[in-house]
Amino acid sequence: MSANSVTVLIPSFNRAELLVEALDSILAQTSRPDEIIVINDGSTDDTIARLEPYRNDIEILNQDNAGKSAALNKALSLAKGELIWVFDDDDIAEPDALETLLGLLEANPEADFAYGRHDRFEVRPNGRVKWRDTGYWRKSPADDFLYESLLDMFAHQPGMLVRKSLYWKVGPFDESLIRSQDYDMLLRLARHGRPAPTEQILFHQRQHDLPRGTADNVVDSAERDAVWQRYDREIFSRIYRAFPLGKYLPADTSLTEPGMTRRALIRRGIVMARKNLWNEASADFHRAARISDKPLTDEEATDMRSTFMMKYGFDKSLMNPDVRNLFFDIKHASPVGAQMARTAARAMVWRVRLALQNGKPALAFRLASLIARLSMPSNNVSQEVPSSFARR
């Protein structure tokens, strides 16, 4: 096949009705893919019967149920296309999605993958459709895409077209992960590849409460977020040990430049805080507070303001006295530490408003009190109980 040949991979497990909607949207593309592989991951519903009318247009791989990662690894080893589009069995592609992604790679030949936006929809029991916007999205410069993705995932596989050579470079999907395997892969792609983005909506992400995971490890909707957080922490614990500190900086800077080590420590600390890995965050924040007596740069202050803008776990973090005391500990570590704590705290004002809007006055009061105490000059605030998080 040519250098622009495209293989679409659609792993599926017991979602026959949704799968055919996804498949119809792929077959309706203005730029038709060269190969479509549906991986039936041991489905026990009528998936095979539903796929029968499509046999002239697709290739079907059947395997015993082993999870999304195993399904994708099997299909990747057989894919003939030089460009890979992984599409979820519950989403719907815009008709010009593939044409747009191909155009991005053609216009940016140095790019290893292209990506775009999505919106979200939910089909109500009465059949009516409720639409939502993208949600979390970042207009990220290519040189800072890795860091922005470390903060939170905003580029999703159904909106990405990736050179197969990059998949070979970063290695297979992690088959030990039943959740967040796509996030783990995104971070590896971002570490080793260069992106080409668009603000265009490329696919519609379906919101639903159907089970996820595998037959042996079913993730129900009630526990979905907790399992997601657990696997994210596992991934980021590895990343903390494996990623060089310089990877947290924009690609056009390095640790050898003055002040960049402190900024890298601040950034890594923020990433770990947002994944509720507070021991790691504490170590980096304390090192950053003592590494230099120069005030925070505008860039460092901007970074610190994003500390508590995590998707999940904020309320629980602020209920933890060790997390609160960590910031008082940093505040009293040095003048720079005081600036770090004050900057992070003042950026939480919107959380106070949100708590009030959601009928949580007690949380709003606690947040407002914390913001006020962290914003006061250090010599006007008594020393708090030291945090139990280790300082290394």
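Worth saying up front: this structure is predicted, and the values here are computed from it rather than measured.

Engineer: Can you walk me through unusual backbone geometry in this structure?
Structural biologist: Among all residues save glycine, negative phi is the norm, and among peptide bonds the norm is trans. The phi dihedral of Asn14 falls on the positive side, at around 55°, and the residue is not glycine. You can call Asn14 partly exposed: its relative accessible area is 30%. One non-glycine residue, Asn276, adopts positive backbone phi at about 60°. Within the secondary structure, Asn276 is located in the loop between α9 (260-274) and α10 (278-291).

Engineer: Is there a simple way to explain the packing of aromatic side chains in this structure?
Structural biologist: Note on aromatic pairs: each is described by the distance of the centres and the angle between the planes. Tallying each qualifying case throughout the model produces 16 aromatic pairs. Taking 6.2 Å as the distance between ring centres and 70° as the angle between the ring planes, the aromatic pair formed by Tyr115 and Phe154 counts as edge-to-face. Here the residue Tyr115 occupies a position in strand β6 (residues 113-123), and Phe154 occupies one in the loop between α5 (145-151) and β8 (160-163), the gap between them amounting to 39 residues. Considered together, Tyr115 and Phe154 belong to a single accessibility category, that of buried residues. Between Phe121 and Trp131 the ring centres are 5.3 Å apart and the planes differ by 35°, which places this aromatic pair in the tilted class. Of this pair, Phe121 sits in strand β6 while Trp131 is found in strand β7 (residues 129-132), placing the two residues 10 residues apart along the sequence.

Engineer: So what exactly am I meant to see when it comes to the nonpolar core here?
Structural biologist: Nonpolar side chains in soluble globular proteins tend to end up buried together. Within the largest apolar cluster, 86 residues are counted, with the highest numbers of intra-cluster contacts made by Phe236 and Met340. Sort the elements by how many residues they give to this core and α9 lands first, with 8 residues. Apart from residues lying up to four places away in sequence, Phe236 is in contact with Leu150, Tyr183, Leu187, Val271, Met272, Lys275 and Leu277. In this structure, Leu27, Trp85, Phe87 and Ala111 belong to the second largest nonpolar core, which totals 30 residues.

Engineer: Before we go on, may I ask you to explain helix α3 (residues 68-78) in this structure?
Structural biologist: It helps to recall that an α-helix has 3.6 residues per turn; residues three or four apart then point in one direction. Of all the residues in α3, the buried ones are Ser69, Ala70, Ala71, Leu72, Asn73, Ala75 and Leu76. Against β1 (6-12), β2 (35-41), β3 (59-63), β4 (83-86), α6 (164-170) and α7 (181-192) lie the buried residues of α3.

Rules used throughout
- Residues numbered from 1 in each chain as written.
- Predicted model: local features only at pLDDT ≥ 70, side-chain atom pairs only at ≥ 80, totals over all residues.
- Heavy atoms only, no water.
- Buried < 20%, exposed > 50% of the residue type's maximum accessible area, 1.4 Å probe, protein only.
- Helix = DSSP H or I, 4+ residues; strand = E, 2+ residues; numbered from the N terminus.
- Phe/Tyr/Trp six-rings, centres within 6.5 Å; stacked < 30°, edge-to-face > 60°.
- Core = buried A, V, L, I, M, F, W, Y, C linked by side-chain atoms within 4.5 Å.
- Contact = heavy atoms within 4.5 Å.

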